Amino acid sequence: MNKLWTEWVIAIAFLREGRMQTFMITIGVAVGVAVIVFVSALIQGLQANVIERTLGTQAHIRLLQPDEVNRLVPVPEGVVQFVNEDKRAQRLRSINNWQQIVAALDERTELTAVSPIVSGPALVLRGEAISSVALVGITLERYQQIVPLQDYMVSGRLSIGADEVLIGSQLAQDLGVRVGSKIRLDTGQQESRVVNIAGIFELGVRELDARYVYLDLRQAQSMLGLIGGVTVIDLRVADIFTAESIAQSIGRLTQLRSESWIMTNSQLMNALSAQSLSTNMIIVFVGISVAFGIASVLSVSVVQRTREIGILRATGASQQQILRVFLLQGALFGLFGSIFGVAASYALVWVFNTFGPGLFYIPVAQSLIVAAVSLATITGVIAAAIPARRAAQLDPVEAIRYV
Amino acid sequence: MSNEIMRLKALKKSYNIGMPNEVEVLHGINLTLSVDDFTALVGPSGSGKSTLLNIMGLLDQPTSGELYLHGQATSAMDDLERTQLRGRALGFVFQFHHLIQAFSALDNVLMPLMLHQGKPDNEARDRARALLAAVGLEKLSDRRPNQLSGGQQQRVAIARALATNPALLLADEPTGNLDSKSAEEVFALFRKIQSEHDCAVLLVTHDPRLSAQCDRTINLVDGRIVDAL
Ligand SMILES: Nc1ncnc2c1ncn2[C@@H]1O[C@H](COP(=O)(O)OP(=O)(O)O)[C@@H](O)[C@H]1O
Ligand SMILES: [Mg+2]
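All values derive from a computational prediction rather than experimental measurement.

Residues and elements named next belong to chain B. Over its 13 residues, helix α3 (residues 105–117) runs 19 Å from end to end, which matches the ideal 18 Å to within 8%, given 1.5 Å per residue. All of the buried residues along α3 are Ala105, Leu106, Asn108, Val109, Leu110, Met111, Pro112, Leu113, Met114 and Leu115. In the segment just after α3, Gly118 is the residue with positive phi, at about 85°.

Further remarks concern the packing of aromatic side chains. Following the criterion strictly, the structure yields nine aromatic pairs over all chains and no others. A ring pair is formed by Phe14 of chain A and Phe326 of chain A, whose centres lie 6.4 Å apart and whose planes are at 55°; its orientation type is tilted. Of this pair, Phe14 of chain A sits in helix α1 (residues 2–17) while Phe326 of chain A is found in helix α12 (residues 319–355), placing the two residues 312 residues apart along the sequence. Consider the rings of Trp350 of chain A and Phe355 of chain A, whose centres lie 5.7 Å apart with planes at 90°: the pair is edge-to-face. Across the pair, Phe355 of chain A and Trp350 of chain A agree in class, each one exposed. Put simply, the rings of Tyr143, Phe201, Tyr212 and Tyr214 of chain A pair up and form one aromatic cluster. One Lys or Arg, Arg305 of chain A, reaches over the ring of Phe14 of chain A and ends 4.0 Å from the middle of that ring. The positively charged end of Arg191 of chain B is found above the aromatic ring belonging to Phe38 of chain B, 4.2 Å away from the centroid.

The next point concerns the layout of surface pockets. Residue and element names in this part refer to chain A. Reported here for the largest pocket is a volume of approximately 670 Å³. For the largest pocket, the lining is made up of 35 residues, of which Arg62, Leu64, Ser119, Val232 and Glu259 are closest to its centre. For the lining of the largest pocket, the elements supplying multiple residues, two or more each, are β1 (61–64), β2 (111–126), β3 (129–138), α6 (206–211), β9 (232–237), β10 (257–260) and α9 (261–264). Of the residues forming the lining of the largest pocket, the biggest block, four residues, is contributed by β2.

As for its placement among the helices and strands, Arg313 of chain A is situated in helix α11 (residues 306–314). Judged by relative accessible area, which is 2%, Arg313 of chain A ranks as buried. Excluding anything up to four places from it in sequence, Arg313 of chain A contacts Ser318, Gln319, Ile322, Ala392, Leu394 and Pro396 of chain A together with Asp79, Thr83 and Arg86 of chain B.

On to the packing of α3 of chain B against helix α4 (residues 122–134) of chain B, then. Residue and element names in this part refer to chain B. Between α3 and α4, the shortest axis-to-axis distance is 9 Å and the interhelical angle comes to 140°. The orientation of α3 with respect to α4, classified from their angle, is oblique. The handedness of the crossing between α3 and α4 comes out as right-handed. On the side of α3, the interface is formed by Ala105, Leu106, Val109, Leu110, Leu113 and Gln117, while α4 contributes Ala124, Arg125, Ala128, Arg129, Leu131 and Leu132. A per-class count over the contact of α3 with α4 returns nine nonpolar, one polar and two charged.

According to the stated counting rule, one finds 18 salt bridges over all chains in the structure shown. One salt bridge in this structure joins Arg108 of chain A and Glu110 of chain A, with 2.7 Å as the shortest N-O distance. Arg129 of chain B is the salt-bridge partner of Asp126 of chain B, the closest N and O atoms lying 3.8 Å from each other. Of this pair, Asp126 of chain B and Arg129 of chain B both sit in helix α4, three residues apart, which is roughly one turn of that helix. Given a relative accessible area of 47%, Asp126 of chain B falls into the partly exposed group. Overall, the relative accessible area of 42% leaves Arg129 of chain B in the partly exposed class. Within the structure, one salt-bridge network assembled from shared partners comprises Glu17, Arg305 and Glu308 of chain A.

For the rest of this paragraph, the subject is unusual backbone geometry. Residues and elements named next belong to chain B. Unlike most non-glycine residues, Ala10 shows phi in positive territory, near 45°. Secondary-structure assignment places Ala10 in strand β1 (residues 4–15). Notably, Asp222 is not glycine yet its phi reads approximately 50°, a positive angle. By secondary structure assignment, the location of Asp222 is in the loop between β9 (216–221) and β10 (224–226).

Counting residues at the interface gives 25 residues for chain B and 26 residues for chain A. Here chain B and chain A share an interface that buries about 2,400 Å² over both sides, 65% of which is from carbon and sulfur atoms. Across the contact surface, chain B and chain A share one salt bridge. A salt bridge links Asp79 of chain B to Arg313 of chain A; its shortest N-O distance comes to 3.0 Å. At the boundary of chain B with chain A, the tally comes to seven residue pairs in polar contact (both at pLDDT 80 or more). The set of elements that each furnish at least two residues to the side of chain B that touches chain A consists of α2 (79–89) and α3 of chain B. Looking at the side of chain B that touches chain A, the element that brings in the most residues is α3 of chain B, giving six residues.

About the criteria used
- Along each chain, residues carry numbers from 1 onward, in the same order as the chain's sequence is written.
- Lettering for chains starts from A, numbering for ligands starts from 1, and both go in the order in which the items are written.
- The model is predicted, so local features are restricted to residues of pLDDT at least 70 and side-chain atom pairs to those at 80 or more, both for listing and for counting; the totals for chains, interfaces and linings are taken over all residues.
- Values reported for side chains reflect all heavy atoms of the structure, with hydrogen atoms and water molecules removed beforehand.
- Think of it this way: any DSSP run of H or I at least four residues long counts as a helix, any run of E at least two long counts as a strand, and we number them from the N terminus.
- A helix is expected to span 1.5 Å multiplied by its residue count minus one.
- Here's how the labels work: a residue is buried when its accessible area is under 20% of the maximum for its type, exposed when over 50%, partly exposed in between, all with a 1.4 Å probe on protein chains only.
- A pair of aromatic rings is counted whenever rings of Phe, Tyr or Trp (Trp by its six-membered ring) have centres within 6.5 Å, and the orientation is called stacked for planes under 30 degrees apart, edge-to-face for over 60 and tilted otherwise.
- Placement of a positive charge over a ring is assigned whenever Lys NZ or Arg CZ falls within 6 Å of the ring centre and within 35 degrees of the normal to the ring plane.
- For cavity detection a 1 Å grid was placed over the protein atoms alone, and a set of points counts as a cavity when a 1.4 Å probe fits there but cannot get out; an open set counts as a pocket when protein lies on both sides within 12 Å along at least five of seven lines, with lining residues being those that have an atom within 4 Å of a point.
- Grid points are joined across faces, edges and corners, and a volume is the space filled by probe spheres set on the points.
- For this analysis, residues touch if any pair of their heavy atoms sits within 4.5 Å.
- For helices, the axis comes from a line fit to the C-alpha atoms of the stretch in contact; other axes are also lines fit to C-alpha atoms, and the angle between any two N-to-C directions lies between 0 and 180 degrees.
- Orientation labels follow simple angle bins: below 35 degrees gives roughly parallel, above 145 gives roughly antiparallel, 65 to 115 gives roughly perpendicular, and whatever is left gives oblique.
- Each crossing gets its handedness from the near helix: less than a right angle anticlockwise from the far helix is left-handed, clockwise is right-handed.
- Throughout this entry, Asp, Glu, Lys and Arg are counted as charged residues, while Ala, Val, Leu, Ile, Met, Phe, Trp, Tyr, Cys and Pro are counted as nonpolar. The remaining residues, Gly among them, count as polar.
- Salt bridges are defined as contacts in which a side-chain nitrogen from Lys or Arg sits within 4 Å of a carboxyl oxygen from Asp or Glu.
- Joining two parts hides part of their accessible area as seen by a 1.4 Å probe, and the buried area is that hidden amount summed over both.
- Nitrogen and oxygen atoms within 3.5 Å of one another constitute a polar contact, given that in protein one can donate a hydrogen and the other can accept it, and given that sequence-neighbouring residues count only through two side-chain atoms.

This is the structure:
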C-alpha cells in the first residue's frame, strides 16, 4: 500500500495540473452516472409500485384441485384408439387432506403465510337487484397475511362472525346497500341465507370490488355444500421473484395445481422484463460512452505527458508504476464523476418525488448508489487500460526526446 | 579492480535493425569507469554520445556487447530489474533540465526516493532538503519549475539525480542550454558533488574550457573512442 502512495501522488498531481480536462471528463462521467442512477431508480420505483399494486390483492401462489379428467381404458400396444370425449364439467371439490397440506406448508420457511380458502359462486339478491358474486370463505387471521384487508376497509368493521360478510364497494353501490344492510345469498345448494353486511372494502380493482364477498370459512363451507373442505390454498412467499420455482416444487409435492403470480400475470411480467431490458440497454450504452470518454481523455493525456513519462522512467519509475499512475487516473475520474453523478441523481429524484406527477415514489436504494460508484470506478480503470499500457510501454529514450 | 563502477565491452548499437535504413551508431565500445572518475565525453554532434549515455544509464539497450555495472552483467536483465538498478546506482541529468512541472522543486528531488520506497520518511525529506541546499536552492524548494531560471532548474535536476546516492552520475550536455556563467556554476557543482558525495561523474560537453577541467576526456568520433586517456 505504501508503494501505491507515490502513484497516487503523481496521478493526483497530473489530474490537478490538467484541471480543465479533469473538470470536463468528471462532468461527463457525472452526467452519465446521474442518468443511469435516475433511470434505474425510476424503473425500480415504477416496477415495485406496479408489482405492489398487483400483489396487494392477490396471493403469490395459489394451490387448487387439479381439473377432473376422463380416465381412458388402457389399450394394448399397437392398437389405435379413437376417442370421442366430452370434457368433464368441473364441479366444486375440496382439496384432499388439506389440513395435512396446510400443516406441512406452515413448516416451510420460504413461505410467510398459508391461508386455506373455500371459494365458490353465488347470487346476491336484494329486492329487485341480483348480482353474481364469488363467495370467499376465509380464516381472518390467516387471510390477512395474504391480503391486508384492514388496509382496504372503507366503512364498517373488519369482522366475519356468524351471518356477517364483507363486500366490495362496487357491489355495495350496485346493490345500494350500506354497512348494516341485509342481503340474501343463494348458492343453489340449499335454501338461500340472509346475512348482515359488517364492512365494506375497496381493493382498488373494480372486478374484485364488484364480486368478492368475504365470509367465515365454516359458513362458506356449509353454504357451498363443502363441509370441512377447502378449494384453494393461498400462499405468500418471502421473495416474490422465487414464487415460480417454489410453486413448481410445491405443485410436485402436493399433486395440486400450483399457480404463481408470475404465471398468472405473465403479460405483466413480460412488460416488466421488456422494460428492464431497455433500461439495461440504456445503462450499458451510457456506460460505454462514459468509458470511451475516459479512455480518450487519458489517451490525449498520455501523448501530452510523453516527455514527463520518460523523465519518470529515467528517474526510476518502472513500467508497472507508470501503468498504475494512469489506471489510477481512470479510477479517479470514475470515482469523482460518479460521486457528483449520484448527488445529481439524488437531486433529480427529489425533484421528481416532490414536484413530479406523484403517481409513485422513487426510492434510491443504497445498494444502487454503491453499485453505481463502484461500477463507475471499475469502468474508469478498464477504460484507462489501453492508454495506461501505452504509457507504460513508451521507450524512455524516445519519450524524453519527445517535444 | 574493486574501483570499477562500470565496464563496457565490445558494445555496439544499431538503429532501425532489419530495415533498409539500418545504421550502426556505436561500433564496439570498450570503456571502464572507476569510482573517483570525473570524465568528459566529447565528440562532434551525431557521433553517438547521447546514444552511449542512454545505454550507460540503462535507459536503452545495446545491440550487442555487454555492460557491467558493479561487475554485474546487465544485458539479460528485464525491464524491472534494469529500472531498479538504474534507480539505485545511477543518476541522470539531461540537457534540457527535465523536471516534472506538476511538482515543486523539493518534490522533484524526492521523486526518485518516492518511486523507490513510497511515501518519503523524514530522513528522505531531510536528504532532499540537504541536496537542494547543496545546489544552493534551499530557499526555493517550494517553487514550481516554471518559477525557476534555467540554471536553477538544472541544479534541481542535479539534486534529483543525487537523491538515491548513485555511484555514477551521467549528464548529457548539462550546460549546453545555459549561459556561460550558469554553465560555470553548474560545472563547479559537479566538481563539488564528485568530491563530496563520492560519486563518479561522466558528462557530455561541447565546451573545451569545461572538458579541460575534467580528470579524463573520452573522445568519441563516429561511434568509436579515439585516444581515450
Ligand atoms: N532513434 C534513432 N533512430 C535512428 N537513428 C538515430 C536514433 N537516435 C540517434 N540516431 C542517430 O545516431 C547517431 C548518434 O546520435 P546521438 O547519439 O544523438 O549523437 P550525439 O549525442 O553525439 O549528437 C546520429 O547519426 C543520429 O542520427
Ligand atoms: Mg546528444
